[in-house]
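# A closer look at the structure
Here is how the chains run, residue by residue.
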Amino acid sequence: MPVPAADAALAGGIEGPRALRPLLSTVLDALTAGAEDRAGPLPPGGPDAVAHAVRATCAPLLPDDGDGAHTALATLVRTLAAGAADPADPHCAAHLHCPPLAVAAAADLAASALNPSMDSWDQAPAASALEALATRELAALVFPRAPRRTRTPDDTYAPGGGPDALLTTGGTESNQLAVLLAREAARTARHTTGERYAGGVRPVAAARARAGRVAGGAGPAPVATLTPFIGAPRGPVDALPPAPAPDALPLRIVCGANAHHSIHRAAWLLGLPAPVTVPTPGGVLDPAAVDAALTRLHGPVLLTATAGTTDSGALDPLPALADLAARHGARFHVDAAYGGALLFSDAHRALLAGLDRAHTVTLDLHKLGWQPVAAGLLAVPGTADLAPLDHRADYLNADDDTEAGLPDLLGRSLRTTRRPDILKAAVTLKALGRRGIGDLVDRTLAAATTLADLVEDHPHLELHSRPTLTTVLFRPIGVGDATVAAIRRTLLADGHAVLGRAATPTGLWLKATLLNPHADAGDLAHLLKLVEGHIP
């Protein structure tokens, strides 16, 4: 039978909103029903029960004849909601997995309906301009002392740019880009004769001009050297001659044992030696140990620090590490995917002192920014720092189009097709303002303090350490690692609570990562009561 016209209606154009309205009503009803079915932070029964429920209600997903839009939405959305781990539930606190703000989710609907693709201006005219505006404002929070771009009479920006940021899928992609930019900076220092790529040699002035011509109009940065293209052939990095000259050495990464796993994966992905990993028995990098590691290395180095570790939310000592990077001539990257949102808070921003001395900074707004996934950024002090990402595909950013004034978006990501993820973030920034977001950050940090106080006052629980951000590590007193793991899995199977786990030098701990700014003391006390109920 033919597909009913209503089921194949388009979301865009003048008629799109009319087609969406009744479908959204179905979706919202299904979300409500699914949450009522679940009645907790997680569906009970474990993986097998959830998989069985999905198969029973959703299969077959590709029938010969469709069930219709409303039936499909009602069935699948209700099933997904009933089987979801709901970060809006105060007892869902295992991961850096935030409950998105309603205003951000609503904006994301608009992004899906309009469906701009951020790889060329003719697919995303307003979205690309909005991205340029929002990323620059966010980057200015990270680098408040960096030279700002200035307006010219024709309403473009003066050459050289100012603080800038790329939209990414999250901390992993941002960290990989940071390592890539560090690798290319090391190449630039070695190669001063031209930019090697498949078609010949392109001067860096042209590359930076193209990288800078995004919506908003940043032009070329004045430079005195030439830079290699990111796809230039590279020599082997694991067959170095004895005592090679520094210019022959590959980039080395120095990071802590507390660093996110994506730093190691980025080194592998980019063909670099495995990072030099400095032990962090106290949870953060020790400057003396970092100094010793840097002293032993020769050639280009990237020092990576963490502002908000995954296991405990700890902050590496950024000012001291920035000093060491400067003293040793190392590039400095800070992974602030978790802790970067402190920049919104008047009360807690000082904890990030030294962040603006980094060459690159990772941020995630789908953690303490309450955005739907994905909402990552990589911030840099100036647009010209992104020049190594310049790339040419004639059907997207032909030279003559760029020279005629069409913004070049391809160098804004390693991805080609990508969503306008900036819309939800920009709407949130506009709706709440810096202080409004900062207030949510402050509330969430206060909730972590409250939970730590409750643990310390509990006769059968012990606290690992006072929280720095919103992560609280605790466990029953006197139990082994196997018992801690079993308590966590039992709570998951029952669907009563979602807690994480953190392995430390003192053993395994339960991890509560609080990202719900509306969780209160009663919610947190009940969470501890659930844990207490499973202590042997």
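Residue numbers restart at each chain and count upward from 1, following the sequence in its written direction. It should be noted that, the model being predicted, local features are given only for residues of pLDDT at least 70 and side-chain atom pairs only at 80 or more, the latter also being counted only at that level, while totals for whole chains, interfaces and linings use all residues. Hydrogens and waters are ignored; side-chain quantities use all the structure's heavy atoms.

### A few points about a negative patch on the surface
What makes a patch is a set of residues exposed beyond 30% relative accessible area and free of salt bridges, joined within 9 Å when like-charged and within 5 Å when nonpolar (Val, Leu, Ile, Met, Phe, Trp, Tyr). Every accessible area reported is derived by Shrake-Rupley at a probe size of 1.4 Å, with residue values counting cover from the shown protein chains alone. We define a salt bridge as a side-chain nitrogen of Lys or Arg found within 4 Å of a carboxyl oxygen belonging to Asp or Glu. In this tally, Asp and Glu contribute negative charge and Lys and Arg positive charge; neither His nor the terminal groups of the chain are included. All charge positions are set by atom: Lys at NZ, Arg at CZ, Asp at CG, Glu at CD. Negative charge collects at one region of the surface, where Asp122, Asp400, Asp401 and Glu403 lie side by side. Going along the chain from the N terminus, every DSSP run of H or I of four or more residues is numbered as a helix, and every run of E of two or more is numbered as a strand. With respect to the element layout, aspartate 401 can be found in helix 12 (residues 399-403). A relative accessible area of 34% means that aspartate 401 is categorised as partly exposed. Between buried and exposed lies partly exposed: a residue is buried under 20% and exposed over 50% of the maximum accessible area for its type, with that area taken using a 1.4 Å probe on protein chains only.

### Digging into helix 3 (residues 69-82)
In this model helix 3 runs 19 Å from its N-terminal to its C-terminal C-alpha over 14 residues, within 8% of the 20 Å that 1.5 Å per residue would give. Two residues form a contact once any of their heavy atoms are found within 4.5 Å. Packing partners of the buried residues in helix 3 comprise helix 1 (16-38) and helix 2 (46-58). Each helix should span, by expectation, one fewer than its residue count multiplied by 1.5 Å.

### Notes on the sheet that holds strand 2 (residues 164-168)
Sheet strands pair via backbone hydrogen bonds, and the direction of the pair is either parallel or antiparallel. Taken in spatial order, the 7 strands make up an open sheet running 2-10-9-8-7-5-6, and their pairing is mixed. Each having just a single partner strand, strand 2 and strand 6 (276-278) make up the two edges of the open sheet. Between one strand axis and the next, the sheet turns by 20° as a mean value, whatever way the strands run. Looking at chain direction, strand 5 (residues 252-256) and strand 7 (residues 301-306) are connected through 3 bridges and run parallel. Among the inter-strand pairings, arginine 252 is bridged to a residue of strand 7, identified as valine 301. Lines are fitted to the C-alpha atoms to define the axes, a helix being fitted only along its stretch in contact, and any angle between axes, read from their N-to-C directions, falls within 0 to 180 degrees. Sitting on the sheet, helix 8 (residues 261-269) is in contact with strand 5, strand 6, strand 7 and strand 8 (331-336), with an inclination near 165° to strand 5. For two strands to be treated as a pair, DSSP must find at least two bridges joining them.

### A few points about the packing of aromatic side chains
The geometry of an aromatic ring pair is captured by two quantities: the separation of the ring centres and the angle between the planes. Pairing of aromatic side chains requires ring centres within 6.5 Å, counting the rings of Phe and Tyr and the six-membered ring of Trp. Pairs whose planes differ by under 30 degrees are stacked, by over 60 edge-to-face, and all others tilted. The final tally for this structure, using the stated rule, is 0 aromatic pairs. Across from the ring centre of tryptophan 509, 3.8 Å away, lies the NZ or CZ of arginine 475, which sits over that ring. By definition, being over a ring means that NZ of Lys or CZ of Arg is both within 6 Å of the ring centre and within 35 degrees of the ring normal.

### Quick look at unusual backbone geometry
Apart from glycine, the bulk of residues carry a negative phi angle, and the bulk of peptide bonds sit in the trans form. A cis geometry characterises the amide bond from alanine 59 onward to proline 60, with omega recorded as -5°. Looking at the element boundaries, proline 60 is found in the loop between helix 2 and helix 3. Positioned with a positive phi, asparagine 115 is a non-glycine residue whose angle comes to about 55°. Along the chain, the position of asparagine 115 falls in the loop between helix 4 (102-114) and helix 5 (125-142). Residue tryptophan 370 is not a glycine yet carries a positive backbone phi of 60°. Mapped onto the fold, tryptophan 370 is located in the loop between strand 9 (360-364) and strand 10 (376-380). Here tryptophan 370 falls in the buried class, since its relative accessible area comes to 0%.

### Observations regarding the sheet that holds strand 11 (residues 461-463)
The sheet built from 5 strands is open, its strands ordered 1-13-14-12-11 with mixed pairing. Lying at the two open borders of the sheet, with one neighbouring strand each, are strand 1 (92-93) and strand 11. Relative to strand 13 (residues 498-504), strand 1 runs parallel, the two sharing 2 bridges. Within the sheet, the bridge partner assigned to alanine 93 lies in strand 13 and is leucine 499. Along the sheet, helix 14 (residues 481-494) contacts strand 12 (471-476), strand 13 and strand 14 (507-513); its crossing angle with strand 14, the most-contacted strand, is approximately 30°.

### Concerning the side chain of threonine 444
Counting through the fold element by element, threonine 444 comes out in helix 13 (residues 422-457). Classification of threonine 444 by relative accessible area gives buried; the value is 0%.

### A short note on the pattern of salt bridges
With the rule as written, the count across this model stands at 22 salt bridges. Ionic pairing is found between arginine 145 and aspartate 356, a salt bridge with its closest N-O pair at 2.7 Å. Remark: aspartate 356 occurs in the loop between strand 8 and strand 9 and arginine 145 occurs in the loop between helix 5 and strand 2; sequence separation between them is 211 residues. The closest approach of N and O atoms between glutamate 456 and arginine 466, which form a salt bridge, is 2.8 Å. Note that glutamate 456 is positioned in helix 13 and arginine 466 in the loop between strand 11 and strand 12, a separation of 10 residues in sequence. We classify glutamate 456 as partly exposed; its relative accessible area is 47%. Through salt bridges that share partners, Asp108, Arg419, Asp421 and Lys424 make up one connected network.

### Some words on the nonpolar core
Ranked by size, the top nonpolar core spans 57 residues in total, and within it Phe332, Val334, Leu355 and Val361 carry the most contacts. What valine 334 contacts, discounting residues up to four positions off in sequence, is Ala305, Ala307, Leu318, Leu355, Ala358, Thr360, Val361 and Thr362. Nonpolar cores were defined as sets of buried Ala, Val, Leu, Ile, Met, Phe, Trp, Tyr and Cys residues, with membership established by side-chain atoms within 4.5 Å.

### What about the packing of helix 9 (residues 287-296) against helix 10 (residues 318-328)?
In contact at an axis separation of 10 Å, helix 9 and helix 10 are set at 15° when each is read in the N-to-C sense. The orientation of helix 9 with respect to helix 10, classified from their angle, is roughly parallel. Seen along the crossing, helix 9 lies across helix 10 with a hand that is right-handed. The segment helix 9 lies against helix 10, with Pro287, Val290, Asp291, Leu294 and Thr295 engaging Ala320, Leu321, Leu324, Arg327 and His328. Ten residue types, Ala, Val, Leu, Ile, Met, Phe, Trp, Tyr, Cys and Pro, are classed as nonpolar, four, Asp, Glu, Lys and Arg, as charged, and the remainder, Gly among them, as polar. Residues that form the contact of helix 9 with helix 10 fall into these classes: 6 nonpolar, 2 polar and 2 charged. The scheme is simple: roughly parallel for angles under 35 degrees, roughly antiparallel for over 145, roughly perpendicular for 65 to 115, oblique for anything else. Whether a crossing is left-handed or right-handed is set by the direction in which the near helix is turned from the far one by less than a right angle, anticlockwise for left-handed and clockwise for right-handed.

### Structural notes on helix 15 (residues 521-532)
Between the first and last C-alpha of helix 15 there are 16 Å, a value that for 12 residues agrees with the 16 Å anticipated at 1.5 Å per step. Where helix 15 is concerned, the buried positions are Leu524, Leu527, Leu528, Leu530 and Val531. Buried residues of helix 15, seen end-on, are gathered within an arc of 155° and therefore sit on one face of the element. Contacts from the buried residues of helix 15 go to helix 13, strand 11, strand 12, helix 14, strand 13 and strand 14. For helix 15, the capping residue at the N-terminal end is aspartate 520, with a side-chain oxygen 3.1 Å from the backbone nitrogen of glycine 522. The arc refers to the directions leading from the helix axis to the C-beta atoms. Polar contact is defined as a pair of N or O atoms within 3.5 Å, subject to the rule that within protein one atom must be able to donate a hydrogen and the other to accept it, and that residues adjacent in sequence are counted only when both atoms are side-chain atoms.

### A few points about the packing of helix 13 against helix 15
The description of two packed helices rests on the angle between their axes and on the distance between the axes. In contact at an axis separation of 10 Å, helix 13 and helix 15 are set at 45° when each is read in the N-to-C sense. On the basis of the axis angle, helix 13 is oblique to helix 15. As helix 13 runs across helix 15, the sense of the crossing is right-handed. Counting all contacts with helix 13, which are made through Ala447, Thr450, Leu451, Leu454 and Val455, the residues of helix 15 involved are Ala521, Leu524, Ala525 and Leu528. Looking at the contact of helix 13 with helix 15, its residues break down into 8 nonpolar, 1 polar and no charged.

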